[in-house]
Amino acid sequence: MPLWLDLLIRVAAVMAGFLVLPLVIGQAEHKVMAHMQGRVGPMYAGAFHGWAQLVADGVKFVQKEDIAPREADRTVFRLAPIVALFPYLIVILTLPLGPGLVAQSLDIGLFLVLAVLGIGVVAVLMSAWASANKYSLLGGVRGAAQLLGYELPLVLAAASVAMAAGTLSLPGIVEAWRPWWLIWQAPAALVFFIAGLAEIRRPPFDMPIADSELVFGYLTEYTGLRFAFFLLAEYVGIVVIAGLTTVLFLGGWHGPFEDQLGWLWTLLKVAALSFVIIWLRVTYPRLREDQLQRLCWLILVPVSLAQLVLTVAVKSLL
């Protein structure tokens, strides 16, 4: 196959996943929350089971006026939604779907993924500062403190499984994975998943938005498609965190007939974790800022450090 054609196919596949999977997650969130909370409204659009609710939301956002505050730094204000989306696109490029099914396999794939995910704090600060709004600024400061704090347990948990596998390559980690890791690396998996939710600011870790206190936090001044891009970034973040948890801790494509159906096992695991993320939004109330930081520094960081020590001990004995 010519190099240009191979590259074109890979880029098209990644863009398809980048655009389609978040919409599927968004539709699933509408339906799951509707059933869990007994809200029949989202069941009407499109008649059968409210299948067109997401389409209706998209039409609504397109029709809304795109407004920038008079005192805003308009260039930074308009760039922030793009910066929020960009890191997730890079991460999806490196996520293996099955044996040999990865857009770009890198020997330092995990290092790149963790480095790129840190860019999310830049988008939050850009939108907060450029909005020229005190509520946006307060939300941005909260978001920066949250993202910088939860980076540490996220990286430590990922380092544990990378040390166990002996590689930073994401396909290499999946190939080295063994079923007993579900017990051995369970604390790291839990820490990584919780820290990942905080990184994408999903409830109950949505203090940077906190609509009861900050109107809508760093998103207060955004309307129309730019606001929709931030929502899209949140749904892409769900796919990324579920995908990384699947690849690092749940064996990725491993399952019955994995050589033929490995991609299906990966998607099923991602779908199951995405359901859990939606379930947590419905179940738990928003954490206060002090509770959020206490969870990070007094629970997740010590657990991730203990897991790292355990991994070193087990690897030295094997």
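Computed from a prediction, not measured in an experiment: that's the story for all the values here.

### Let's talk about the overall build of the protein
Consideration 1: Helix and strand counts for the protein come out as 13 helices and zero strands.
Consideration 2: Written out in order from the N terminus, the α and β elements of the protein read α-α-α-α-α-α-α-α-α-α-α-α-α.
Consideration 3: A globule of 318 residues ought to have a C-alpha radius of gyration of about 20 Å, and the protein, at 20 Å, matches this closely.
Consideration 4: Counting only C-alpha atoms and orienting by the principal axes, one finds that the protein spans roughly 60 × 45 × 45 Å.
Consideration 5: Counting the 318 residues in the protein, one finds 49% classified as buried.
Consideration 6: A sequence separation of at least 24 residues applies to 77% of the contacts in the protein between residues at least 6 apart.
Consideration 7: For the protein, the centre of its 20 positive side-chain charges and the centre of its 20 negative side-chain charges are spaced 5 Å apart.

### Quick word on the pattern of salt bridges
Consideration 1: Per the stated rule, a full pass over the model turns up six salt bridges.
Consideration 2: When the shortest N-O distance is used, the salt bridge between aspartate 206 and arginine 286 registers 3.0 Å. With aspartate 206 in the loop between α9 (186-199) and α10 (211-214) and arginine 286 in the loop between α12 (258-283) and α13 (289-317), this pair connects stretches of sequence that are 80 residues apart.
Consideration 3: Note on aspartate 206: relative accessible area 10%, which makes it buried.
Consideration 4: A relative accessible area of 28% places arginine 286 in the partly exposed class.
Consideration 5: Several salt bridges converge on common partners, so that one network encompasses Glu29, Arg202, Glu234 and Arg281.

### Let's talk about helix α11 (residues 224-249)
Consideration 1: Here α11 contains 26 residues, and its C-alpha end-to-end distance of 38 Å stays within 8% of the 38 Å for a straight helix at 1.5 Å per residue.
Consideration 2: In terms of burial, α11 is a largely internal element, 23 of the 26 residues being buried.
Consideration 3: Just downstream of α11, glycine 251 is the residue with a positive phi angle, here 85°.

### As for unusual backbone geometry
Consideration 1: That bond from proline 203 to proline 204 is cis: its omega, 10°, falls within 30 degrees of zero.
Consideration 2: You can see proline 204 is positioned in the loop between α9 and α10.
Consideration 3: Phi at phenylalanine 257 is positive, roughly 55°, even though this residue is not glycine.
Consideration 4: Along the chain, the position of phenylalanine 257 falls in the loop between α11 and α12.
Consideration 5: Assessed through its relative accessible area of 64%, phenylalanine 257 is described here as exposed.

### Section: the nonpolar core
Consideration 1: Ranked by internal contacts, the top residues of the largest apolar core, which has 83 residues, are Tyr150 and Leu248.
Consideration 2: Discounting chain neighbours no more than four positions away, the residues touching leucine 248 are Leu110, Ala158, Val161, Leu170, Ile173, Trp177 and Phe192.

### Points about the packing of aromatic side chains
In this description, an aromatic ring pair is defined by two values, namely the gap between the centres and the angle between the planes.
Consideration 1: Counted under the stated rule, the structure contains eight aromatic pairs.
Consideration 2: Taken together, a centroid distance of 4.1 Å and an interplanar angle of 5° make the contact between phenylalanine 77 and tyrosine 222 stacked. Linking phenylalanine 77 in helix α3 (residues 74-94) with tyrosine 222 in the loop between α10 and α11, this pair joins segments that are 145 residues apart in sequence.
Consideration 3: Plain terms: the ring middles of phenylalanine 192 and phenylalanine 249 are 5.6 Å apart, the flat faces sit at 50° to each other, and that makes the pair tilted. With phenylalanine 192 in helix α9 and phenylalanine 249 in helix α11, this pair connects stretches of sequence that are 57 residues apart. As far as the burial class goes, phenylalanine 192 and phenylalanine 249 line up, both buried.

### Side note on a nonpolar patch on the surface
Consideration 1: Taken together, the side chains of Leu21, Leu97, Leu101, Phe257, Leu261, Trp263, Leu264, Leu267 and Leu268 make up a nonpolar region of the molecular surface, amounting to roughly 760 Å² of accessible area.
Consideration 2: No other element matches the five residues that α12 contributes to the nonpolar patch.
Consideration 3: With respect to the helices, strands and loops of the structure, leucine 267 is situated in helix α12.

### Looking at helix α2 (residues 53-63)
Consideration 1: For α2, the complete set of buried residues consists of Gln53, Asp57 and Phe61. Down the axis of α2, the smallest arc covering the buried residues is 75°, so these residues share one side. α2 presents Val62 and Gln63 as exposed residues on the side facing more than 90 degrees away from its buried surface.

### Quick notes on the confidence of the model for the protein
Consideration 1: Of all residues in the protein, 98% have pLDDT values of 70 or greater, and the mean over the chain is 86.
Consideration 2: At the low end of the mean pLDDT range in the protein sits α10, at 74; at the high end sits α9, at 93.

### So, the packing of α11 against α12
Consideration 1: Between α11 and α12, the shortest axis-to-axis distance is 8 Å and the interhelical angle comes to 125°. Here α11 lies oblique to α12, going by the angle between them. The handedness of the crossing between α11 and α12 is right-handed. Mapping the contact onto sequence places Glu234, Ile238, Val239, Ala242, Gly243, Thr245 and Thr246 in α11 and Thr266, Lys269, Val270, Leu273, Ser274, Ile277 and Arg281 in α12.
Consideration 2: Tallied by class, residues from the contact of α11 with α12 come to six nonpolar, five polar and three charged.

Thresholds, definitions, all that
- Residues numbered from 1 in each chain as written.
- Predicted model: local features only at pLDDT ≥ 70, side-chain atom pairs only at ≥ 80, totals over all residues.
- Heavy atoms only, no water.
- Helix = DSSP H or I, 4+ residues; strand = E, 2+ residues; numbered from the N terminus.
- Rg over C-alpha atoms; globule rule 2.2 N^0.38 Å.
- Buried < 20%, exposed > 50% of the residue type's maximum accessible area, 1.4 Å probe, protein only.
- Contact = heavy atoms within 4.5 Å.
- Lys, Arg positive; Asp, Glu negative; His and termini not counted.
- Charge placed at Lys NZ, Arg CZ, Asp CG, Glu CD.
- Salt bridge = Lys/Arg side-chain N within 4 Å of Asp/Glu carboxyl O.
- Expected span 1.5 Å × (residues − 1).
- Core = buried A, V, L, I, M, F, W, Y, C linked by side-chain atoms within 4.5 Å.
- Phe/Tyr/Trp six-rings, centres within 6.5 Å; stacked < 30°, edge-to-face > 60°.
- Patch = residues over 30% accessible without salt bridge, like charges linked within 9 Å, V, L, I, M, F, W, Y side chains within 5 Å.
- Areas by Shrake-Rupley, 256 points an atom, 1.4 Å probe, with all protein chains shown as cover.
- Arc of directions from axis to C-beta.
- pLDDT = per-residue confidence, 0-100.
- Axes fitted to C-alpha atoms, helices over the stretch in contact; angles between N-to-C directions.
- Parallel < 35°, antiparallel > 145°, perpendicular 65-115°, else oblique.
- Left-handed = near helix turned anticlockwise from the far one by under 90°.
- Nonpolar A, V, L, I, M, F, W, Y, C, P; charged D, E, K, R; others polar.

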